[in-house]
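Here is what each chain is made of, one letter per residue.
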Amino acid sequence: MVAAFTRPGWYRAVLCTVLAAAFGVGLVVLLRSISGLSAFQSEQAGYPQVVVPLILAPLGFLLGIGCFDYWLRWGFGLPTIPDDHSSHGAYSWKDYFKVNTDHKVIGVQYVVTSFIFFLIGGLLAMLIRAELAQPGTQIVGASTFNSLFSTHAVLMIFVFIIPMFAGMANYVLPLMIGAPDMAFPRLNALSYWMLPLAGIMFLASFLAPGGAFDAGWTGYAPLSTSAPLGQSFFNIGVQFAGFSSIFTALNFLVTIVTMRAPGMTFWRMPLLVWANLSTSLLVVAATPFISGAQFMVLLDRILHTNFFQFGAGGDVISYQHIFWFYSHPAVYIMILPGFGIISEVISVHARKPIFGYRLMALALIGIVVLSYSVWAHHMFVAGMFSWLRVPMMLTTLLIAVPTGIKIFSWLGTLYFGKIHTKSTAMLFALAMIVTFTIGGISGVMLGMVPFDIHVSDTYFIVAHIHFVLFGGSVFTIFAGLYHWFPKMTGRMYDERLGRIHFWGTLIGTWGTFIPMHWVGMDGMPRRVADYASQFGDWNLLISCFAFLLGAVQLIFVYNMIVSWRFGPKAPDNPWGGKSIEWLVSSPPSVFNFDEIPRVVGGPYEYGIPGARHAIMPGEGAEVPATQQTVVGS
Amino acid sequence: MFTNRLPIAKLAGAVVALSAVIAAVMLSINWNGAEDSTAAPKIDDLLNIMIVVSSVIFAIVVVALAYALIAFRAKPGDESDGEPIHGNTRLEIAWTVIPTIIVLFAGGWSWKVLNEIEETNPRHLTVDVFSQQFAWSFAYPGKEYAYSQGVLHVPVNRQIVFKMHSQDVIHSFWVPQWRIKKDNVPGITTTAIVTPTKTGTYQLICTELCGFGHSTMRAKIIVQSESAFEKWVGGLKEKVPTPMMVSVKQDTETNPEPLERVEAE
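The text that follows walks through the structure, step by step, so that each part is easy to find. Note that the structure is a prediction, hence the values are computed from the model and not measured.

Conventions used here
Residues numbered from 1 in each chain as written. Chains lettered and ligands numbered in written order. Predicted model: local features only at pLDDT ≥ 70, side-chain atom pairs only at ≥ 80, totals over all residues. Heavy atoms only, no water. Helix = DSSP H or I, 4+ residues; strand = E, 2+ residues; numbered from the N terminus. Buried < 20%, exposed > 50% of the residue type's maximum accessible area, 1.4 Å probe, protein only. Contact = heavy atoms within 4.5 Å. Areas by Shrake-Rupley, 256 points an atom, 1.4 Å probe, with all protein chains shown as cover. Polar contact = N/O pair within 3.5 Å; in protein donor to acceptor, adjacent residues only side chain to side chain. Core = buried A, V, L, I, M, F, W, Y, C linked by side-chain atoms within 4.5 Å. Buried area = accessible area lost by both parts, 1.4 Å probe. Salt bridge = Lys/Arg side-chain N within 4 Å of Asp/Glu carboxyl O. Pairing = 2+ DSSP bridges. Axes fitted to C-alpha atoms, helices over the stretch in contact; angles between N-to-C directions. 1 Å grid on protein atoms, 1.4 Å probe; cavity = no way out; pocket = protein on both sides within 12 Å on 5 of 7 lines; lining within 4 Å. Points joined across faces, edges and corners; volume = space filled by probe spheres on them. Nonpolar A, V, L, I, M, F, W, Y, C, P; charged D, E, K, R; others polar. Phe/Tyr/Trp six-rings, centres within 6.5 Å; stacked < 30°, edge-to-face > 60°. Lys NZ or Arg CZ within 6 Å of the ring centre and 35° of its normal.

## With respect to the overall build of chain B
Of the regular secondary structure elements, chain B holds four helices and 13 strands. Taking all 265 residues of chain B together, 48% fall into the buried category. Excluding contacts between residues fewer than 6 apart, the proportion of contacts in chain B whose partners are at least 24 apart in sequence is 67%. Counting only carbon and sulfur atoms, one obtains 61% of the accessible surface of chain B, whose full area is about 12500 Å².

Here is the structure:
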């Protein structure tokens, strides 16, 4: 029994979590007693006896589950095995609940975990729409309502969209570049295990006295600095989500730069790899800003550092500058990997090379550069230095240019192709082009200062963010999940259910988010638990479509679970793709390749007789392109 | 040149027809409601220009996608590849340069409108706005500052410069019919400029999340003739010597005085 508590695993994780939390409480009580203060402090924003364990307990968990074992052994000079593969690969379902260093296992862990948070966040959205279906207060009070939409946004952003993309890239990207794994597999495992901790912490804030954090996902000071204890759960949860994100981005950068297969020059990388390279550049430089902003709020709350306390030397607007310096690049962190997915899906299913491949890659880099210079467009009415609005408006409008290039190039890719719509992935990709265009257009309108003054903080904003995040990011996530499901699980999903899910999602998205533009322009502010009765009919309609949108996601869940278990066996290359992940078995072997493949051409050489992207070991260079088996046609 | 192989004239016709229909429908609707300030028609014109431009862009995307799906759908059983077209430099330059011109045009127009709506008139009236969780109050200039709570009176056809102060968290001052919005930020004074053009009763809406009472944080606005306004201000009983704001310190441990009065600038 003692052995169970000394080995890395769940027993030790629980033990270490409890010990770390107890240590945290003890430390606070000890330090406060020495200082002559009462042992516990239960001021609204204080609670150091909760905040300190909240930081330490997750670290205890990570230690217990085994994330640090190798590094600690090495650091203390204990014997280590550099090529220890004992925690690599999954041989039974139990291996998915352990610290695993296989990028494919971590990818699946990421995808499943973040999808669970998507369902929870979606449930919160259903509660929000239930409350808003009628004017007045029916289901939840105003305070709970504020907690609901804050938690909804935080779950969707920090523990669904961002890690979902990280998870999919984790699985696919090393295969695509012909690497046996990520550059730092143990860091990769640590990145993953911080994710559920962040999500659980956000949800646990509902148990805190005063309820869950309710200052919005933006957590503007000074509302957040004086909010009840739940806000500290957000401040700390973001640290774990943020570090997870940063470590993963570092890992992607090093992997992409150093571990590409021989022959894979930058201009031979699939656009998904380019997309994740760009995203990672954003994450490593921008994410520290939100960690910093939330640390400053936390310190304001428990140590009275007064970064953002007006009247005590603090500056309220500086919070918004720091926050948006991350959170505007964050919206590109939440869409660029999706752009990569759409490029892969459209090229494969239209049987055409990407139209203007180099310009597509350069557009990604253009977005990265521009996205650092637009953050203050969230603050046109915030009372910041007023001249700053004009340059920020111009850069914001200009960012539509590289985004437009992506849209037009995807359309160009379809021309003179052989478009197959049998895959649900392709349906989501095509729908994303139109839906995201609407989000892009409303984005350009929001960039124009005079119009933004009118619609800022109204339902027009809610409509815009959901068109780009649901109609954009989530559609690309579904496209990617359907596209690589056969590769990840070795099974085919049910296309009929996929189609029902697609049409339900498309109708639900448009029905829910289009009318939001109208009520917003007409005078309905966002983040309100109650509204003027003139908006009642539209809100009822919006809620009905929202429930449809919520309900069809259950079809997706059913399809994925049942197909994973019982679906027909997937061939290695069901869609006839050219990139390397389709040249290995479904699912790939534990170390991906017996021998590293050689890359001999671009990734999208469709229609060129004999053209190859990569040559697998054991093949000669002169072997002609083999006919790939295609199912479902 | 593959453009010869596409029915360019028909596609262009479809784009023109579709964008005309979308723009006609969208322009016929008054999205933003009543236009009751000098800024409102200018902002709505800007919106209308964007509706026309956006209708064309949206129509291009939809027509291009629809035609591709009709013309280039793979026949059942056809597993061959499409044509190996890798791009077209002219086309790529076109869809980089043309959108750049469009957005810079939109930016230039916005800049012009912004300057117009924020131009101060020497004959303006300054009104102080004080916000707190979850109420609005207003101070009017004069020998002594007249003070009203929950209701704002302003004269019609005269420029009003609002000086905004918050006592606790960020609030935002929005009157949809005026198209004007500005955050009230604790610690600093923010400014918004508006010239109401119609008399009547309006609602002032808080649009920055400020706590559990956010959705009900409203005030009444009465726009009236200048003479009626002067009379109303003259009859105000509650007066304060100077615009002031009350800042509440959170920490009662280190600040035994919970309330502290701070002079606004």
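## Topic: the environment of Trp31(B)
Note that Trp31(B) resides in the loop between helix H1 (8-28) and helix H2 (39-71). We classify Trp31(B) as buried; its relative accessible area is 11%. Sequence separation of Trp31(B) and Asn121(B) is 90 residues, and the distance between their C-alpha atoms is 29 Å. Beyond its immediate chain neighbours, meaning those up to four positions away, Trp31(B) contacts Trp518(A), Met521(A), Asp522(A), Met26(B), Leu47(B) and Ile51(B). Among the polar contacts listed, one links the side chain of Trp31(B) to the backbone oxygen of Met26(B), at a separation of 2.9 Å.

## With respect to the nonpolar core
Ranked by size, the top nonpolar core spans 270 residues in total, and within it Phe158(A), Phe202(A), Leu414(A), Phe138(B), Phe162(B), Phe173(B) and Trp178(B) carry the most contacts. Looking at this core, the element that brings in the most residues is helix H6 (residues 142-176) of chain A, giving 23 residues. Excluding residues that lie within four positions of it along the chain, Trp178(B) makes contacts with Asp36(B), Ser37(B), Ala39(B), Ala40(B), Val154(B), Phe162(B), Val194(B), Pro196(B), Tyr202(B), Ile221(B) and Val223(B).

## Some points on the interface of chain A and chain B
The figure often quoted for interface size is the accessible area lost as the parts come together. With 92 residues of chain A at the contact, the number on the chain B side is 85 residues. Carbon and sulfur atoms make up 69% of the surface buried where chain A meets chain B, a total of about 7700 Å² over both sides. Its largest share of buried area at the contact with chain B, chain A owes to Phe310(A), Tyr415(A) and Phe416(A), together 11% of the area lost on that side. Where chain A meets chain B, there are three salt bridges. The shortest N-O distance in the salt bridge between Asp81(B) and Arg351(A) comes to 3.1 Å.

## As for the sheet that holds strand E6 (residues 171-175) of chain B
Residue and element names in this part refer to chain B. Across the sheet, which stays open at both edges, the five strands sit in the order E4-E10-E9-E6-E7 with mixed pairing between neighbours. In this open sheet, the two edge strands, each paired with only one partner strand, are strand E4 (151-155) and strand E7 (180-184). Direction aside, neighbouring strands of the sheet carry axes that sit 25° apart on average. As judged from the five bridges shared by E4 and strand E10 (residues 218-224), these two strands associate in the parallel manner. Bridged to Val 154 within E10 is Val 223. Contacts from helix H4 (residues 226-234) reach E4 and E10 within the one sheet, and its direction differs from that of E4 by about 135°.

## Some thoughts on empty space enclosed by the protein
Once rolled over the atoms, a probe with the size of a water molecule shows which space is left empty. Residue and element names in this part refer to chain A. Enumeration over the complete set of coordinates arrives at six cavities of 30 Å³ or more. One number sums up the size of the largest cavity: a volume of about 190 Å³. In terms of lining residues, the largest cavity is bounded by 19 residues, among which Ile 162, Ala 166, Ser 245, Thr 248 and Val 283 are the most central. For the lining of the largest cavity, the secondary-structure elements that each account for two or more residues are H6, helix H8 (230-258) and helix H9 (271-303). When residues in the lining of the largest cavity are grouped by element, the largest group, six residues, is from H8. Taken together, the residues that form the lining of the largest cavity break down as 13 nonpolar, six polar and no charged.

## Section: the packing of aromatic side chains
All names here are of chain A. Applying the stated criterion to the full structure yields 67 aromatic pairs over all chains. Aromatic pair Phe 266 and Trp 274: ring centres 6.0 Å apart, planes at 50°, arrangement tilted. On the basis of relative accessibility, which here comes to 32%, the residue Phe 266 falls in the partly exposed class. Sitting over the face of the ring of Tyr 70, Arg 186 holds its NZ or CZ atom 3.5 Å from the ring centroid.

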